[in-house]
Structure formats: C-alpha cells, structure tokens
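Structural overview for review
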Amino acid sequence: MDQLQGSLWIEGLGNAKDASEVEKAQLGNKKHLSDLVLQFILPIGDRNEEQRKSDEEILKALQPHQNLESLTIWYCHCTTWPLKSIQNLRQVDLYCWTFCEVLPPLGKLPSLEILEIEWMHNVKKVGVEFLGIEEEIETFSAGILFPKLKHLQFFNMPNWKEWEGIIKDSSDEITIMPHLSSLRIDWCPELKGLPDFLHKITALRTLTIEDCAILERDYEKGVGKEWPDISHIPNITIESSLICHSSIVMDDDEVSFWPYDYEDDL
C-alpha cells in the first residue's frame, strides 16, 4: 500500500471494525492515488442506525490525500459529510445514500468540475448548505461557490421538491457555479422549480430535464410560465421518456434495481 498509485476500489465497507482498518491503510499519505471508489454494504434488518454510525466513522478515518482527483461513494448511510475539503478533487459521484436528507457542502471544493448525485430518495430540499453555507446567508461574506463546476447531474430523486438559492440583497456579491456548462435533471418528478442563480450563469450551454413532470410543464418551450428564465440557454431538452426508474427494493436479504418501461405495456 505504501506505493499505491492510480485507482483504488474498496468494496464491502460498513462493519464496525472497518474504521480502524481504514486508519491503518493511511490513505491520507497516498499522494499518488488519483481515483477512489468506496462501496458500502446495504443495511440488513434493523441495523440501519448502527450502519449509519459505522459508515460515518469509516469516512472520518478515510480522509484521502489532497491530490485525489476523483471520488465515488456507493450505498453510504451517512447523514452528514465527515470529509474535509480535498483541494484537487475534480469529480464526485454520490450514489444511493439511503438516509441522506441534506446534501453535503460540496460548494466548498475549490477544484470540483463534475458532480453527479443519484438515488437520494430521502432528500426533499436542496438548500444553501449544498453551496457550502452552514447558516443563513447573513453570516456569509462575498465569494465564489462551486468555482470550477462544469457538469452537474441529479438523477432519481423522487421526493425532491425544493431547490433553494440565496435570498439576500447582497447576493450580487456571491457568485455561484460561474463555469457551469451542463445541467441534467432526470426523474425528479416532485421538483417545483430551478433556483434563481441558474438564470445568471452565462456559461450554461446545455440544460436537460427528463421525467420531471412539474418542470416539464412550467419550463415548456414558448408556453411554460418559467420558460423566459431559461430561453437564453442554447441547447435545451425537456421531455418525458415514459421510463419509471425504480426505487430500491429492500427485503431482509435482497436489494434490486431495475428500470420499468411503460412502453412495454402499450
């Protein structure tokens, strides 16, 4: 492990003893490790709370080197984000965080360019904490949030209803996602609208909205009440694919994922 470089994939994380094993691995000293994939185990029976605490301890013990460029985390049961800022991290993919209700403060990552968040079924609101603001904006000074983000994707978040921006007179002093060029929102049927700061991003060239019933109605080309706010974006795709992306089906010993295509029944 001392000479570890390139990519590392760790599966089956989540046992109580794993945190001490992660500490022994000293990933924080692996300065040549560029890509890290962590796959946690899914909870069994009534171990949900126990699993959550275990996963948080593992991530706290992990803390990779600042040179890490890509981080993917599957099936984590954390409700908080215990990792410190990683200066060179360019890509983050978060999949199936079962208990997550509040997205991590990823706006603080100075080098982040690609962010994909998928299968977050307990998230109902994305607020200023996602931008990296811990409290109300009154205590936040001028600055840039998500300073290098270029691609942002949300997928299969069926209970997500609100995406909150910044509400304050001094919000002009705060720049959010100035380099965002591509935004995709897929299968978020309860999402009511897009935050105001997206309308100000001149770099945004591609917007894709798919299987999001409310957004499809309100941002429909030419007639939707919110269409004027996005009409300046050169490439816009708003459509329904008639595909119902599945939830996680959990029994005591089984977890399944599948897409169900309504066209099969037509």
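The notes below deal with the structure included here. (Residues numbered from 1 in each chain as written. Predicted model: local features only at pLDDT ≥ 70, side-chain atom pairs only at ≥ 80, totals over all residues. Heavy atoms only, no water.)

1. Side note on the overall build of the chain
- Secondary structure assignment for the chain yields five helices and 17 strands.
- Split into buried and exposed, the 266 residues of the chain put 48% on the buried side.
- Taking all contacts inside the chain whose residues are at least 6 apart in sequence as the whole, residues at least 24 apart take part in 64%.
- In the form shown here, the chain has an accessible surface area of approximately 13500 Å², with 47% of it arising from carbon and sulfur atoms. (Helix = DSSP H or I, 4+ residues; strand = E, 2+ residues; numbered from the N terminus. Buried < 20%, exposed > 50% of the residue type's maximum accessible area, 1.4 Å probe, protein only. Contact = heavy atoms within 4.5 Å. Areas by Shrake-Rupley, 256 points an atom, 1.4 Å probe, with all protein chains shown as cover.)

2. Observations concerning the pairing of strand S12 (residues 206-210)
- Most of S12 is tucked away, with four of its five residues classed as buried.
- Two elements, strand S11 (residues 182-186) and S12, share five bridges in a ladder whose sense is parallel. The residue bridging Ser182 from the neighbouring strand is Thr206, located in S12.
- Pairing between S12 and strand S13 (residues 235-239): five bridges, direction parallel. (Pairing = 2+ DSSP bridges.)

3. What about the side chain of His121?
- Looking at the element boundaries, His121 is found in the loop between strand S5 (114-118) and strand S6 (125-126).
- Looking at His121, its side chain comes within polar contact range of the side chain of Asn156, at 3.1 Å. (Polar contact = N/O pair within 3.5 Å; in protein donor to acceptor, adjacent residues only side chain to side chain.)

4. Description of the nonpolar core
- Of all hydrophobic cores here, the largest spans 75 residues; its most connected members are Phe154, Trp163 and Ile185.
- Among residues more than four places away in sequence, those in contact with Phe154 are Leu103, Ile117, Phe130, Trp160, Trp163, Arg184, Ile185, Asp186 and Cys188. (Core = buried A, V, L, I, M, F, W, Y, C linked by side-chain atoms within 4.5 Å.)

5. A look at the state of the cysteines
- As enumerated under the stated definition, the model contains zero disulfides in all.
- Cysteine Cys76 is unpaired, with the sulfur of Cys78 as its nearest cysteine sulfur at 3.2 Å.
- You can see Cys100 has no disulfide; the closest cysteine sulfur is in Cys76, sitting 8.6 Å from it.
- Among the residues examined, Cys100 registers a relative accessible area of 2% and is labelled buried. (Disulfide = S-S within 2.5 Å.)

6. Re the packing of aromatic side chains
- Taken as a whole and judged by the stated rule, the model has ten aromatic pairs.
- Between the aromatic rings of Trp81 and Trp97, the centroid separation amounts to 6.0 Å while the plane-to-plane angle is 25°, which identifies the pairing as stacked. In this pair, Trp81 is assigned in the loop between strand S3 (70-74) and strand S4 (91-95) and Trp97 in the loop between S4 and S5, connecting sequence segments 16 residues apart.
- For Trp97, a relative accessible area of 1% translates into the label buried.
- Between the aromatic rings of Phe130 and Phe154, the centroid separation amounts to 6.2 Å while the plane-to-plane angle is 55°, which identifies the pairing as tilted. (Phe/Tyr/Trp six-rings, centres within 6.5 Å; stacked < 30°, edge-to-face > 60°.)

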